[in-house]
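# Descriptive structure summary
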Amino acid sequence: MNTGSDEASGRAAATDETGSEPEARPLGSRAPEFVQARRALHLSWQVGVFVVGLAVVVAGIIMLPLPGPGWLVIFGGMAIWATEFVWAQLVLRWTKRKVTEATQKALDPKVRRRNIILTTVGLVIIAVLVGIYVWKFGLEMPWNIKQ
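Presented here is a report on the structure given in the accompanying data block. Everything quoted here is computed from the prediction, not taken from an experiment.

This part is about the overall build of the protein. Helices and strands together make up the secondary structure of the protein, namely 5 helices and 2 strands. Traced from its N-terminal end to its C-terminal end, the protein shows the element sequence β-β-α-α-α-α-α. A total of 147 residues make up the protein; the buried ones form 17% of that total. Here the protein has roughly 11300 Å² of accessible surface; of this, 67% comes from carbon and sulfur atoms.

Attention now goes to helix α2 (residues 39-63). End to end, α2 covers 36 Å across 25 residues, agreeing with the expected 36 Å (1.5 Å per residue, within 8%). Considering only its buried residues, α2 is in contact with α1 (33-37) and α3 (70-82).

According to the stated counting rule, one finds 2 salt bridges in the structure shown. With a shortest N-O distance of 3.9 Å, Glu101 and Arg97 are connected by a salt bridge. Of this pair, Glu101 and Arg97 both sit in helix α4 (residues 86-106), 4 residues apart, which is roughly one turn of that helix. Residue Lys98 pairs with Glu101 through a salt bridge whose shortest N-O separation is 3.6 Å. Of this pair, Lys98 and Glu101 are both found in helix α4, 3 residues apart, which corresponds to roughly one turn of the helix.

This part is about the side chain of Gln89. With respect to the secondary-structure elements, Gln89 resides in helix α4. What makes Gln89 buried here is its relative accessible area of 4%. A polar side-chain atom of Gln89 sits 2.7 Å from the main-chain carbonyl oxygen of Ala82.

One pass over the full model with this rule turns up 5 aromatic pairs. Between Phe50 and Trp81, the aromatic rings sit 5.4 Å apart at their centres with planes inclined by 15°, giving stacked as the arrangement. Of the two residues, Phe50 is situated in helix α2 and Trp81 in helix α3; the sequence distance between them amounts to 31 residues. The class for Trp81 is buried, based on a relative accessible area of 8%. Geometrically, the ring pair formed by Trp81 and Trp87 is tilted, given 5.4 Å between the ring centres and 55° between the ring planes. Trp87 sits in the partly exposed class, given a relative accessible area of 42%. Each member of the aromatic cluster is reached from another via a ring pair, and the members are Phe50, Trp81, Phe85 and Trp87.

Counting residues in hydrophobic clusters, the biggest one holds 8 residues: Val49, Val57, Met78, Trp81, Ala82, Phe85, Ala88 and Leu92. In terms of residue count, the dominant contributor to this core is α3 (3 residues). When residues no more than four places from it in sequence are discounted, the contact partners of Trp81 are Val49, Phe50, Gly53, Leu54, Val57, Trp87 and Ala88.

Reading guide: rules and limits
- Residues numbered from 1 in each chain as written.
- Predicted model: local features only at pLDDT ≥ 70, side-chain atom pairs only at ≥ 80, totals over all residues.
- Heavy atoms only, no water.
- Helix = DSSP H or I, 4+ residues; strand = E, 2+ residues; numbered from the N terminus.
- Buried < 20%, exposed > 50% of the residue type's maximum accessible area, 1.4 Å probe, protein only.
- Areas by Shrake-Rupley, 256 points an atom, 1.4 Å probe, with all protein chains shown as cover.
- Expected span 1.5 Å × (residues − 1).
- Contact = heavy atoms within 4.5 Å.
- Salt bridge = Lys/Arg side-chain N within 4 Å of Asp/Glu carboxyl O.
- Polar contact = N/O pair within 3.5 Å; in protein donor to acceptor, adjacent residues only side chain to side chain.
- Phe/Tyr/Trp six-rings, centres within 6.5 Å; stacked < 30°, edge-to-face > 60°.
- Core = buried A, V, L, I, M, F, W, Y, C linked by side-chain atoms within 4.5 Å.

Given below as structure tokens:
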């Protein structure tokens, strides 16, 4: 995907490998017209969007080591930022492209076969370790085992 500036409209033009333009929104603010018409209101709008997006991204970062959909929340915060900031729109476009490429790669039969084999080997190793634990200690919880 090639992103470049379209001189006439001031918008970024995006083309894929075939040279055709995908249906992508133009870069820039998506604030309502009456907000964009007033500079002070638009600046406060941007500050509000930034603060809300920052709160969501920070919540996602906190969820990474804790239970919760950390990456999903982080991308949600980036999507909030992308409603107002061009840099966030470009980051999201890049992320979507990379996710699409990884999806296509994962659907490749050779890669799928390799992933299935690795998953099976991992599950067999885990089953053997659980079997050894049960054989040695029975169905006792680790904190109740007395040597």
